[in-house]
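# Breakdown of the fold
Take a look at the letters that make up each chain.
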Amino acid sequence: MHDDQVFIDGKDVYVWIYDPVRPKTFIMGLLIVFGAIAVCLFPLWPPVVRLGVYYISIVAAGFVGSIIGLAIVRVLLFGCIWTLTLGRHYFWLFPNLLEDVGFFDSFKPVYNYEYRGSSDKKASDASDKTVEEPLIRQGESKDGGGEQDSESSASSEGEKNRQAEESAKEQENDFEVINKNDVGESQSNSDTDA
């Protein structure tokens, strides 16, 4: 559309945008206005209607309060069970209560229970074993099969750590040598290809 909105004889095309208000939208707007006026005139309502509105508002407030109370109870219940079991048991009452689902779907399922204790412990044990196993193997191979008495093993703990560090350095050096050889071979292969 042209900013000046003037008609000048020429070959330009003019468009009129016509978007009438639908009757449904107009009626809904009138109902909102009349509803606001009716709420403002609440003191003039008949006593029976005022009493009915009072009871409906009490029921609505009780419903909202019960949903909030249920949310607090479910968090407290989860926290108590989680704390008493040291984080192994996860029990949620109405797990979908605060999710973005329909009203009736918020109460399905009634509870959700998970046990997360054994898999975490096994994973941590497995990671500990992978760290300790090379140290034990190195000690066994260097000390004649790992048959040591407890006194010598207690006195030579520092020596084991030193040996472990040395073997780690040796392994790093082995990797460096392999990498250098691989680089040298790849360079010689590229020279022969050219």
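Residues numbered from 1 in each chain as written. Predicted model: local features only at pLDDT ≥ 70, side-chain atom pairs only at ≥ 80, totals over all residues. Heavy atoms only, no water.

## Notes on the overall build of the chain
Within the chain, the regular secondary structure consists of 5 helices and 2 strands. In the chain, the succession of helices and strands from N to C terminus is α-α-β-β-α-α-α. Within the chain, the proportion of its 194 residues that are buried is 9%. A separation of at least 24 residues holds for 30% of the contacts in the chain among residues at least 6 apart in sequence. About 16600 Å² of surface is accessible on the chain, with carbon and sulfur atoms providing 62% of the total. (Helix = DSSP H or I, 4+ residues; strand = E, 2+ residues; numbered from the N terminus. Buried < 20%, exposed > 50% of the residue type's maximum accessible area, 1.4 Å probe, protein only. Contact = heavy atoms within 4.5 Å. Areas by Shrake-Rupley, 256 points an atom, 1.4 Å probe, with all protein chains shown as cover.)

## Notes on a nonpolar patch on the surface
Taken together, V21, F26, I27, L30, L31, V33, F34, I37, L41 and L44 make up a surface patch of nonpolar side chains, about 1000 Å² in accessible area. With respect to the element layout, V21 can be found in the segment before α1 (23-40). (Patch = residues over 30% accessible without salt bridge, like charges linked within 9 Å, V, L, I, M, F, W, Y side chains within 5 Å. Salt bridge = Lys/Arg side-chain N within 4 Å of Asp/Glu carboxyl O.)

## Description of the packing of aromatic side chains
A full pass over the atoms with the stated rule returns 9 aromatic pairs. Judged by centre distance (5.9 Å) and plane angle (45°), the rings of F63 and F103 are tilted. Here F103 lies in the loop between β1 (89-93) and β2 (111-115) and F63 lies in helix α2 (residues 47-84), a separation of 40 residues in the sequence. On the accessibility criterion, F103 (45% relative accessible area) is partly exposed. Between F94 and F107, the aromatic rings sit 5.6 Å apart at their centres with planes inclined by 85°, giving edge-to-face as the arrangement. Note that F94 is positioned in the loop between β1 and β2 and F107 in the loop between β1 and β2, a separation of 13 residues in sequence. Residue F94 is classed as buried on the basis of its relative accessible area, which comes to 15%. The class for F107 is partly exposed, based on a relative accessible area of 25%. (Phe/Tyr/Trp six-rings, centres within 6.5 Å; stacked < 30°, edge-to-face > 60°.)

## Let's talk about the pattern of salt bridges
Considering all chains together, one arrives at 1 salt bridge under this definition. Between R116 and E114 there is a salt bridge, with its nearest N and O atoms 3.0 Å apart. Residue classification places R116 among the partly exposed positions, given a relative accessible area of 34%.

## Notes on the environment of L93
Along the chain, L93 turns up in strand β1. Other than its neighbours up to four places away in sequence, L93 contacts R74, L77, V110 and Y111.

## What about α2?
Spanning 38 residues, α2 covers 54 Å between terminal C-alpha atoms, matching the ideal 56 Å at 1.5 Å per step. Every buried residue of α2 is accounted for by A71, R74 and F78. Where the residues of α2 are buried, they touch β1. Just downstream of α2 lies L86, where phi reads positive at about 60°. (Expected span 1.5 Å × (residues − 1).)

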